[in-house]
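Topology and contacts: notes
As a plain string of letters, each chain reads:
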Amino acid sequence: MKKTLALLALSLSVTTLAACVDDGYGYGGGVAYGPGPYAYDGWYDGAYGPIYDGYWGSDNYFYYRHGAGDRGFIRGDRGHFMREAPQGRPNFQRFQGNMTPGQGMHMPHFRGNGGGGHRH
């Protein structure tokens, strides 16, 4: 009986730790659950081409998708996405929109505030 309880406790602790494993990209893993929509805005220089939607991560990077079918978000460089209007850089354009995460989407550093959730 003690062995069974010990094995059960060990398996539960491993499962809990496995949920916090990094996503392999070095950005921290995340799966969002929540209805949204989550508003975003900022300034973008167009370096990655058109973006479909995105969000500002808790690490202050902008994560974006190119299309509705993309299940993962790509971290943009701080030199291409900015929250504040860049001074003296006319190639930046204002952008804004809403993002509603789908269940099981890969969303590194997603805050999930406003009704959503974040699971590591």
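Model, not experiment: these values are computed from the prediction.

Description of unusual backbone geometry
Positive phi, normally seen in glycine, also occurs at Asn60, with a value near 70°. Checked against the element boundaries, Asn60 lands in the loop between β3 (53-56) and β4 (62-65). In this model, His109 sits at a positive phi of 55°, which is unusual for a non-glycine residue. For His109, the position within the fold is in the loop between β7 (93-99) and β8 (117-119).

As for the side chain of Asp53
Note on placement: Asp53 falls in strand β3. We classify Asp53 as buried; its relative accessible area is 4%. A distance of 2.8 Å separates a polar atom in the side chain of Asp53 from a polar atom in the side chain of Arg65. When residues no more than four places from it in sequence are discounted, the contact partners of Asp53 are Tyr40, Tyr63, Tyr64, Arg65, Phe73, Asn98 and Met99.

Comments concerning the sheet that holds β7
The strand order across the open sheet built from three strands is β6-β2-β7, with neighbouring strands paired in antiparallel fashion. Taken across any chain shown, the strands that pair with only one partner, and hence form the sheet edges, are β6 (81-82) and β7. The pairing of strand β2 (residues 38-44) with β7 spans seven bridges and is classified as antiparallel. Considered in β7, the bridge of Trp43 is made with Arg94.

Things to note about the sheet that holds strand β5 (residues 74-75)
One open sheet holds the three strands; their spatial order is β3-β4-β5, and the pairing between them is antiparallel. Because the sheet does not close on itself, it has two edges, and the strands there are β3 and β5.

Conventions and cut-offs
Residues numbered from 1 in each chain as written. Predicted model: local features only at pLDDT ≥ 70, side-chain atom pairs only at ≥ 80, totals over all residues. Heavy atoms only, no water. Helix = DSSP H or I, 4+ residues; strand = E, 2+ residues; numbered from the N terminus. Buried < 20%, exposed > 50% of the residue type's maximum accessible area, 1.4 Å probe, protein only. Polar contact = N/O pair within 3.5 Å; in protein donor to acceptor, adjacent residues only side chain to side chain. Contact = heavy atoms within 4.5 Å. Pairing = 2+ DSSP bridges.

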